[in-house]
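# Structure assessment
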Amino acid sequence: MKLLVYGAGVCGTQFAARMYEAGHDVSLLARGERLAALRRHGVQLAEQDSPAVGRIPVPVVGHPDGGYDLTVVVVRSHQVDAVLKSLARVEGDVLFLHAWAAGAHPLGEVIGHGRVLLGFPAAGGTMDGDVVRYRRSSFLTRRVAMPIGEPDGRTTPRLERIVEAFRTAGFNAEAEPRMDAWLRTHAAFTVPLGQAVLAAGGPVRLAGDPEAVRGMLHSVRRNLDALATPPVPRALAALRTLPEGLLVPVLRRFLRSPTAVHSGLSDASPATVAELDLLAEQLRAGAGAR
């Protein structure tokens, strides 16, 4: 299977590098300054604060030139429209691997409904100049699955092939039959979380303000109540039912953890704001359609 990873940020770079190391025929697509940096220095990875930087010779391209069996789109949600235009005439399946709460239909309207798969990346980290610093593996992160699914929930041969390709590269990929509901549930939680972190000035500062954490939890609960389907995974339904006195300390502990600090929550860039705004709009549109 010939692969193109479309997007050379934290997650896309990790996917392309690990796929390459696993022996897959993979290329990484980047644009602008990121493309120039990759052509100068190649893909560079380091574990969190480690001084050791590894260089992986992943082929880098500046545009999708066709011939790929699968394109894995790993970009910010607000960048998807531009990606769709460039993929409209490129053949092959397309896995959209990012936050998204609008379902598969608007994606398929542009590139063809039969080409679309949905998923969410289970890779985190930060950019340190041209180096991607990935978070250290832990018991918790090893147990977190990377969900991938068909829009209609079927388990198809192509879905099984894609899941297996990610697994051979070391990612805990799993077929998810309710991928659309999973993504909407994720947005219902992460939009209030991300907005609260931005307002506080970072996850650790938010953790130091229990009232702000409580307000964030109330927003999450409103979003979950507005969903057209039950939360996926079901465990997130606990955010609606467990007492605040239990959930607020748990959330504050999470916000102080290395997992939160190295997850990208500290990113206060305009791109983060734009993505959160779009996801909030998608959630509102979904609630209004009920």
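### Side note on unusual backbone geometry
- The linkage connecting V232 with the following residue, P233, adopts the cis geometry, with an omega of 0 degrees.
- Inspection of the secondary structure assignment puts P233 in the loop between α9 (210-226) and α10 (238-241).
- Positive phi, close to 40 degrees, is recorded for Q48, a residue that is not glycine.
- Inspection of the secondary structure assignment puts Q48 in the loop between β3 (43-47) and β4 (54-56).
- In this structure Q48 comes out as buried when scored by relative accessible area, which is 8%.

### Re the packing of aromatic side chains
- In this structure the tally under the stated criterion is four aromatic pairs.
- Ring geometry for F120 and W182: centres 5.4 Å apart, planes at 40 degrees, overall tilted. With F120 in the loop between β8 (116-119) and β9 (125-128) and W182 in helix α7 (residues 179-200), the pair connects residues that are 62 residues apart, well separated along the chain. One exposure class covers both F120 and W182, and it is buried.
- When the ring of F166 is compared with that of F171, the centres are 6.2 Å apart and the planes differ by 75 degrees; the resulting orientation is edge-to-face.

Basis of the calculations
- Residues numbered from 1 in each chain as written.
- Predicted model: local features only at pLDDT ≥ 70, side-chain atom pairs only at ≥ 80, totals over all residues.
- Heavy atoms only, no water.
- Helix = DSSP H or I, 4+ residues; strand = E, 2+ residues; numbered from the N terminus.
- Buried < 20%, exposed > 50% of the residue type's maximum accessible area, 1.4 Å probe, protein only.
- Phe/Tyr/Trp six-rings, centres within 6.5 Å; stacked < 30°, edge-to-face > 60°.

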